[in-house]
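One-letter residues, chain by chain:
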Amino acid sequence: MCGIIGYIGNKEAGDILIEGLQKLEYRGYDSAGICVADEKSISRTRSVGKVESLKEKFALNKHKGTRGIGHTRWATHGAPLEKNAHPHSDLEEKIYVAHNGVLENYKELKDILQKKGYTFTSDTDTEVIPHLINMYKAEGVNIKEAIIKTVKCLTGAYGLAVIDKDEECLYAVKNGSPLVLGIGDGEMYISSDEIPLIGKVENTVFLSDGDIAEIRASEYQIFDINNFIVEREVNEIQNEAENISKEGFAYFMEKEIFNQPQSIKDSMRGRISKDNNEIIFGGLMDHWGKVQNATSINFIACGTSYHAGMVAAYNFENITRVSSRAEYASEFLYRHPVIDKSGIYVAISQSGETKDLLSAIEYIKKEGGTVMGLVNVVGSSISRITDFGIHIHAGPEIGVASTKAFTSQTLLLSMLAIKLAKDKGTLTKEEYIGIKNEILDIPRKIQKVLSCNDDIKKLAEEHSDKNNTLFLGRGVDYPVALEGALKLKEISYVHAEGYPAAELKHGVIALIDKDMPSIVLATKGTNINKVLGNVEEINARGGEIVMISDEDQDVFSHIPHTRISIPNTHPILTPILSAIPLQLYAYHSVVVRGRNVDQPRNLAKSVTVE
Ligand code: M6R
């Protein structure tokens with residue numbers, strides 16, 4: 001949440017910052033701002049709304065300078081108004097700060113500063129930071145020491161970019177919110193993630209919590225909070241420029257949905273040995289004994305990643321016979337759970353930065369638990385704090401609605417489940433090979449599912465006047481129903497609920513009428529005859545029915561419904577296929593309503609606040 005960019009070098013910083021913010025905009029997009037400095041002056045431009053309006057305003061201001069910082073905001077403290085947009089400054093307008101995160105003790109700090117005569121121009125938590133730096137500088141210390149003293153006062157999560165009019169450098173501070181340095185030739189960047197750095201620099205340095213980086217055009221140095229130099233690894237940028245363009249698609253979400261045959265192949269690449277049918281996860285090799293002997297498997301995640309965890313919990317328990325469950329990271333932490341020290345906790349995240357999940361991982365580790373990561377973004381905070389793990393390798397996901405990450409997470413967890421079941425002897429060699437062969441065929445089957453795009457578009461258009469939708473399923477179809485409902489509501493703002501089909505009669509059935517379509521998942525792995533009963537109940541009450549089921553399924557033929565077929569596969573892999581029509585349905589439902597597909601209101605891609 002919130003994107004930070006910084007540049008120092010020999011080029012015009014303003015244009016570079018705006019371009020960087022456009023690439024970070026998926027992290028937050030209610031307001032944006034930049035601050036540019038040359039040898040003599042420093043100036044700021046801020047604007048409410050998208051980076052495009054900041055760009056227009058900046059073009060009129062024409063501030064020149066070769067260093068600067070920028071920010072795109074997802075509001076936490078204070079409405080999306082220009083006065084609350086970052087960067088925030090001290091009263092002398094010399095020190096500017098862009099912040100990602102939340103300061104928990106800002107009220108106390110604000111009180112102290114106000115008593116000392118500092119006045120505030122915004123409603124944000126961030127504004128205390130430039131005032132504190134100013135206060136410490138006024139006491140006679142240099143900017144770096146003033147930043148260190150300031151950081152010692154802060155409680156909460158923060159990634160900071162700091163610029164001082166009088167200093168030919170930038171500062172980056174990390175505690176809980178991600179920051180990466182881009183190391184160029186005579187130029188340096190600060191960024192919330194690698195995406196704006198692709199094509200600009202070849203090397204990056206991920207800051208760790210507690211790091212304070214002093215950055216000049218040709219060098220940088222990283223310090224800890226006690227002003228001792230610390231060394232951090234330099235990494236090569238792994239992503240390609242085409243991964244962050246729309247490549248002819250109208251929206252990133254559309255591209256990411258249609259990219260799934262490839263993203264799934266990328267996720268499985270090198271992980272299934274052709275010689276001996278082995279499934280190999282390099283990151284698990286040294287820890288396999290722990291996984292093999294785990295007394296419980298606990299999937300922890302948020303949003304779509306949680307739904308992938310739910311699918312996995314059904315599948316793991318079913319085929320490995322190890323007690324398995326999934327839980328929202330945000331709930332997990334606050335119920336003070338008993339940690340199973342002989343179990344495994346699997347932290348699932350596309351971004352690798354989700355704060356609720358980070359906090360849950362810290363708790364599990366503190367209580368002596370073992371955490372395995374399943375993370376898409378290489379170098380992200382979660383990929384670094386987990387004990388070991390698997391990278392998803394689905395490629396960058398830019399659309400706020402998570403699509404290809406879900407199918408790759410589900411694929412990799414299915415691969416892990418069958419590997420474990422084979423080793424434990426709960427799956428025979430023949431069953432294992434059968435599922436493994438089905439896995440290899442999944443990209444082709446996804447391609448087949450995608451060919452129903454026109455039918456789904458038509459359905460979404462027919463439903464353009466519907467304000468409510470139910471998604472129903474039993475067993476492993478239930479988390480997919482939840483995912484379908486989440487996808488629809490988060491981007492199209494249509495009220496949608498995912499429900500276990502059997503729960504209908506316990507209350508929800510009261511909602512059924514001709515204006516409430518029910519999208520029912522009824523795939524082979526679940527008890528079809530029981531689902532049939534639930535569908536009959538909807539039909540008897542005049543509700544419209546859309547069925548998503550395997551292509552050889554015909555038990556529903558006597559009930560009027562719209563049918564979307566998915567290719568037959570092994571039941572543990574069905575969610576990978578059945579989720580795709582729901583992604584397409586959500587996508588076309590937004591397009592037909594003329595709303596913003598990639599940047600729905602109130603949301604951000606990476607949720608770095610609790
Ligand atoms: O990056 P993560 O997978 O940890 O993110 C978790 C959720 O915030 C995320 O899945 C969110 O629910 C998506 N917008 C859903 O499409």
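Residues numbered from 1 in each chain as written. Predicted model: local features only at pLDDT ≥ 70, side-chain atom pairs only at ≥ 80, totals over all residues. Heavy atoms only, no water.

A. How the structure looks around the site of the ligand. The local shell around the ligand holds 15 residues, among which Ser305, Ser349, Ser351, Thr354 and Glu490 are the closest. In the environment of the ligand, an oxygen atom lies 2.7 Å from a nitrogen or oxygen atom belonging to the backbone of Gln350. Between the ligand and Ser402, the relevant distance is 2.8 Å, taken from an oxygen atom to a main-chain nitrogen or oxygen of the residue. Here the ligand loses 92% of its free accessible area of 420 Å² to cover by the protein chains. (Near = heavy atom within 4 Å. Polar contact = N/O pair within 3.5 Å; in protein donor to acceptor, adjacent residues only side chain to side chain. Areas by Shrake-Rupley, 256 points an atom, 1.4 Å probe, with all protein chains shown as cover.)

B. Structural view of the domain arrangement of the protein. You can read the domains of the protein as domain 1 (3-236), domain 2 (244-449) and domain 3 (454-593). On a C-alpha basis, the centres of domain 1 and domain 3 stand 46 Å from each other. (Domains from an automatic or database assignment.)

C. Summary view of empty space enclosed by the protein. By the definition in use, this model includes four cavities of 30 Å³ or more. What lines the largest cavity is simply Cys2, Arg73, Trp74, Thr76, His77, His86, His99, Gly101, Thr124, Asp125 and Thr126. Along the lines of polarity and charge, the residues of the lining of the largest cavity split into two nonpolar, seven polar and two charged. Every residue along the wall of the second largest cavity is listed here: Val291, Ala294, Ile297, Phe299, Phe316, Ile344, Val346, Met372 and Leu416. Broken down by secondary-structure element, the contributors of at least two residues to the lining of the second largest cavity are β16 (296-301) and β18 (344-349). Class assignment of the residues belonging to the lining of the second largest cavity gives a composition of nine nonpolar, no polar and no charged. (1 Å grid on protein atoms, 1.4 Å probe; cavity = no way out; pocket = protein on both sides within 12 Å on 5 of 7 lines; lining within 4 Å. Points joined across faces, edges and corners; volume = space filled by probe spheres on them. Nonpolar A, V, L, I, M, F, W, Y, C, P; charged D, E, K, R; others polar. Helix = DSSP H or I, 4+ residues; strand = E, 2+ residues; numbered from the N terminus.)

D. Examining helix α18 (residues 574-593) more closely. Under the 1.5 Å per step criterion, the end-to-end length of α18 is 30 Å for 20 residues, consistent within 8% with the ideal 28 Å. Along α18, 17 of the 20 residues are buried, which leaves the element largely enclosed by surrounding structure. Taken from the residues just after α18, Gly594 is the one with a positive phi, measuring 65°. (Expected span 1.5 Å × (residues − 1). Buried < 20%, exposed > 50% of the residue type's maximum accessible area, 1.4 Å probe, protein only.)

E. Broad picture of unusual backbone geometry. Each neighbour pair has its own omega, and for His86 with Pro87 the value is -5°, a cis peptide bond. Along the chain, the position of Pro87 falls in the loop between β4 (67-73) and β5 (88-89). Of note in this structure, Asn227 is not a glycine but carries a positive phi near 70°. If you trace the backbone, Asn227 turns up in the loop between β13 (220-223) and β14 (229-230).

F. Structural context of the packing of aromatic side chains. On inspection of all chains with the given rule, the structure shows seven aromatic pairs. The rings of Phe332, Tyr345 and Tyr363 are connected pair by pair, giving a single aromatic cluster. The ring centre of Trp288 lies 4.8 Å from the NZ or CZ of Lys419, which sits over that ring. Above the ring of Tyr493, the side-chain terminus of Arg601 is found at 3.9 Å from the ring centroid. (Phe/Tyr/Trp six-rings, centres within 6.5 Å; stacked < 30°, edge-to-face > 60°. Lys NZ or Arg CZ within 6 Å of the ring centre and 35° of its normal.)

G. Quick look at the nonpolar core. Core analysis: the largest hydrophobic core is formed by 86 residues, its most contacted members being Phe299, Phe316, Met415, Ile418, Ile439 and Phe471. Non-local contacts of Phe299, meaning those with residues more than four positions away in its chain, are made with Gly309, Ala312, Ala313, Phe316, Ser324, Arg325, Ala326, Glu327, Val346, Ile348 and Leu413. Counting residues in hydrophobic clusters, the runner-up holds 27 residues, among them Leu103, Met135, Leu154 and Val173. (Core = buried A, V, L, I, M, F, W, Y, C linked by side-chain atoms within 4.5 Å. Contact = heavy atoms within 4.5 Å.)

H. Just the pattern of salt bridges, in detail. Enumeration over the complete set of coordinates arrives at 29 salt bridges. Here Glu214 ties to Arg216 by a salt bridge, and the two come within 3.9 Å at their closest N and O atoms. The partly exposed category is assigned to Arg216, whose relative accessible area is 29%. Residue Asp441 pairs with Lys445 through a salt bridge whose shortest N-O separation is 4.0 Å. Linking Asp441 with Lys445, this pair stays in helix α14 (residues 429-450), spanning four residues, or about one helical turn. Residues joined in a network through salt bridges with shared partners are Glu438, Asp441, Arg444 and Lys445. (Salt bridge = Lys/Arg side-chain N within 4 Å of Asp/Glu carboxyl O.)

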